[in-house]
Amino acid sequence: MVLLLVSPLKAQEWKVQITSPLPNSIFGWAQNAPEISLKGEFLRGEEKIVPKQSEVARLFLTGQVFSGGKLIDTVPMWDDGTHGDEKGEDGTYTTLYRPPKVGEYQVRVRAQADIVREGKVFTREFWSDFVAFKVVPVPYARITQPEPGSEVRGKTAVRARLLLLDKPFDEPDETLQATLLVTGEGQKRQIPLRRKGSLLTSSVAFSKRGTYRLQVSVAVQRDGQSLQTQSEVTEIQVTMLTYTWLIIAIFLAIVFLLLPPREPPLRYCHRVRFGEQVHELKPGERKSLPEAELVAEAEKPEILVRSTKGTQIRKGGGLPQQEVSLREGERCRVGETELHYERAEPLRATRRWWHRLLPNTVFRWLFFLCALGAFVYWLWQWWQFAR
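The first and last C-alpha atoms of helix H2 (residues 362–386) sit 36 Å apart over 25 residues, in line with the 36 Å expected at 1.5 Å per residue. In this structure, the buried side of H2 is in contact with strand E22 (234–240) and helix H1 (244–258).

Turning our attention to H1. The end-to-end C-alpha distance of H1, which contains 15 residues, comes to 21 Å, matching closely the 21 Å that a straight helix rising 1.5 Å per residue would cover. Leu 246, Ala 249, Leu 252, Val 255 and Phe 256 are the residues of H1 that are buried.

Once that is clear, we can look at the side chain of Ser 231. By the secondary structure assignment, Ser 231 is in the loop between strand E21 (225–230) and E22. Note on Ser 231: relative accessible area 3%, which makes it buried. Looking at Ser 231, its side chain comes within polar contact range of the main-chain nitrogen of Val 216, at 2.8 Å. Among all residues touching Ser 231, those that are not within four sequence positions of it are Gln 31, Ala 141, Ile 143, Gln 215 and Val 216.

A few words now on the pairing of E21. When strand E20 (residues 210–222) meets E21, the two strands line up antiparallel, connected through six bridges. Note on E21: the bridge partner recorded for Arg 222 is Gln 225. Hairpin remark: E20 followed by E21, antiparallel, with two residues in the connecting loop; positive phi at Asp 223, about 55 degrees.

Applying the stated criterion to the full structure yields 13 aromatic pairs. Centre to centre, the rings of Trp 14 and Phe 126 are 6.4 Å apart; their planes meet at 35 degrees, and the pair counts as tilted. Placement of the pair is Trp 14 in strand E2 (residues 14–20) and Phe 126 in strand E10 (residues 120–127), with a sequence separation of 112 residues. The exposure class assigned to Trp 14 is buried, which follows from its relative accessible area of 3%. With 5.9 Å between their ring centres and 85 degrees between their planes, Phe 27 and Phe 133 make a pair best called edge-to-face. Residue Phe 27 is found in strand E3 (residues 25–29), and its partner Phe 133 is found in strand E11 (residues 131–137); the two are separated by 106 residues along the sequence.

For the rest of this paragraph, the subject is the pairing of strand E14 (residues 155–164). Two strands pair when backbone bridges link them, and strand E12 (residues 140–145) and E14 are joined in this way by five bridges, in the antiparallel orientation. Among the inter-strand pairings, Ala 141 is bridged to a residue of E14, identified as Leu 162. Bridge count between E14 and strand E19 (residues 199–205): seven bridges; the pairing is antiparallel. Looking across to E19, one finds that Arg 161 is bridged to Leu 199. In this structure, E14 lies alongside strand E15 (residues 167–168), joined through two bridges in antiparallel fashion. Residue pairing across strands places Leu 163 opposite Pro 168, the latter belonging to E15.

Moving on: the environment of Gly 210. For Gly 210, the location among the structural elements is in strand E20. With relative accessibility at 17%, the residue Gly 210 sits in the buried group. Counting along the chain gives 28 residues from Gly 210 to Val 238, while the straight-line C-alpha distance between them is 5.3 Å. Look past the residues within four positions of Gly 210 in its chain and what remains in contact with it is Glu 185, Ile 236, Gln 237 and Val 238.

With that out of the way, let us pick up unusual backbone geometry. With an omega of 5 degrees, the peptide bond running from Ser 20 to Pro 21 counts as cis. Look at the link from Gln 145 to Pro 146: it is a cis peptide, with omega at 0 degrees. As for its placement among the helices and strands, Pro 146 is situated in the loop between E12 and strand E13 (151–153). Although it is not a glycine, Glu 89 adopts a positive phi angle of roughly 55 degrees. Of note, Glu 89 is situated in the loop between strand E7 (70–76) and strand E8 (92–97). Judged by its relative accessible area of 60%, Glu 89 falls in the exposed class. Even without a glycine there, the phi angle at Asp 223 is positive, about 55 degrees.

Attention now moves to the packing of H1 against H2. Interhelical geometry of H1 versus H2 gives an angle of 160 degrees and a closest axis separation of 8 Å. Classified by the interaxial angle, the pair formed by H1 and H2 is roughly antiparallel. Handedness of the crossing formed by H1 with H2: left-handed. Judged by residue contacts, Trp 245, Leu 246, Ile 248, Ala 249, Leu 252, Ala 253, Val 255, Phe 256 and Leu 257 of H1 engage Arg 364, Phe 367, Phe 368, Cys 370, Ala 371, Ala 374, Phe 375, Tyr 377, Trp 378 and Gln 381 from H2. The class makeup of the residues in the contact of H1 with H2 is 17 nonpolar, one polar and one charged.

The next thing to look at is the sheet that holds strand E25 (residues 286–288). Read from one edge to the other, the open sheet built from four strands follows the order E25-E26-E27-E29, with strand pairing classed as antiparallel. Looking at the sheet topology across the chains shown, the edges are occupied by E25 and strand E29 (323–327). Neighbour-to-neighbour, the strand axes of this sheet turn through a mean angle of 20 degrees, independent of strand direction. Of the pairings in the sheet, the one linking strand E26 (residues 292–296) to strand E27 (residues 302–307) comprises five bridges and is antiparallel in character. What sits directly across from Glu 293, in E27, is Arg 306.

Turning next to a nonpolar patch on the surface. Together, Trp 245, Ile 248, Tyr 377, Trp 380, Trp 382 and Trp 383 make up a nonpolar patch on the protein surface, roughly 640 Å² of accessible area in all. The set of elements that each furnish at least two residues to the nonpolar patch consists of H1 and H2. The element that contributes the greatest number of residues to the nonpolar patch is H2, accounting for four residues.

Definitions and cut-offs
- Residues numbered from 1 in each chain as written.
- Predicted model: local features only at pLDDT ≥ 70, side-chain atom pairs only at ≥ 80, totals over all residues.
- Heavy atoms only, no water.
- Helix = DSSP H or I, 4+ residues; strand = E, 2+ residues; numbered from the N terminus.
- Expected span 1.5 Å × (residues − 1).
- Contact = heavy atoms within 4.5 Å.
- Buried < 20%, exposed > 50% of the residue type's maximum accessible area, 1.4 Å probe, protein only.
- Polar contact = N/O pair within 3.5 Å; in protein donor to acceptor, adjacent residues only side chain to side chain.
- Pairing = 2+ DSSP bridges.
- Phe/Tyr/Trp six-rings, centres within 6.5 Å; stacked < 30°, edge-to-face > 60°.
- Axes fitted to C-alpha atoms, helices over the stretch in contact; angles between N-to-C directions.
- Parallel < 35°, antiparallel > 145°, perpendicular 65-115°, else oblique.
- Left-handed = near helix turned anticlockwise from the far one by under 90°.
- Nonpolar A, V, L, I, M, F, W, Y, C, P; charged D, E, K, R; others polar.
- Patch = residues over 30% accessible without salt bridge, like charges linked within 9 Å, V, L, I, M, F, W, Y side chains within 5 Å.
- Areas by Shrake-Rupley, 256 points an atom, 1.4 Å probe, with all protein chains shown as cover.
- Salt bridge = Lys/Arg side-chain N within 4 Å of Asp/Glu carboxyl O.

Take a look at the structure:
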């Protein structure tokens, strides 16, 4: 093997290119140091080189990380489907790197290649350009309620604490958005969280019993770039349906029963004097007299007088008629006999117990429908929960 720094190889046709991270990328430090994927390629012109598939017999890529102008880490890179490499032997070398602290960094990649030319092996080194990236602290969430493994009802409160480098983060940040991710039993939902200082809160209703996983996602903007963190997953057991809507339905039903029902309508008994005889008529009753028939109205102080034998009926100074209507206190003559409607006695019908169950006023209708709707909704929830 011959090691040459100057060789018949043209250096400008070979180059090392960093494909990740991109220049001036920003990575967030949340619970732990971010895992940064370093990726590099060895190129001849625009062609990606894969060892043993070209004139390159062997190829080694190494990442060098600098901070403050000093080399702080050297990490080997791999093209074998491990260490974060997506596909082995495709010419893209990868490694996963965790920076030691928050700060600004530069990375470059060194390639050492054994190149075969005219039966000779030339070992050469090539360097990429520097790529700068930054690691900044970002807030993240830690779920405090419910506790992992706990059993909860069908509706439960969720609380999480915002932290920054393990300390409560309560500073204003207009770019911050917190979302609760709920998965389990074939469901996947995202629920916005309310923020008050470092406290995040929300409530979750579960439609089925079973195992659910809760996770809080926090997104912020830093230098125009979006950074997102995920809390640890909290797994809970939902074992019992909440009775909120059933309680609401019962409360509305009680209010419905306490509201006064509509009073039964007034009904009238009638007292009529025909000649020297006095007749009492019940509401709606028909009564036959020698020359006429009396029909008593049930819900108003009025009777109807009909001729039965062709007898003429006169009311006041009016013309003879076959049928007249009399109100309380009025008189008429049936043939030669005077008929006097003396008085009408109002009676209130007895209210039965089941009258309180009737939605017979506007407000009773309103509360009845609301109670029925709440109860039906709770039944639907129970059916969804139990099946």
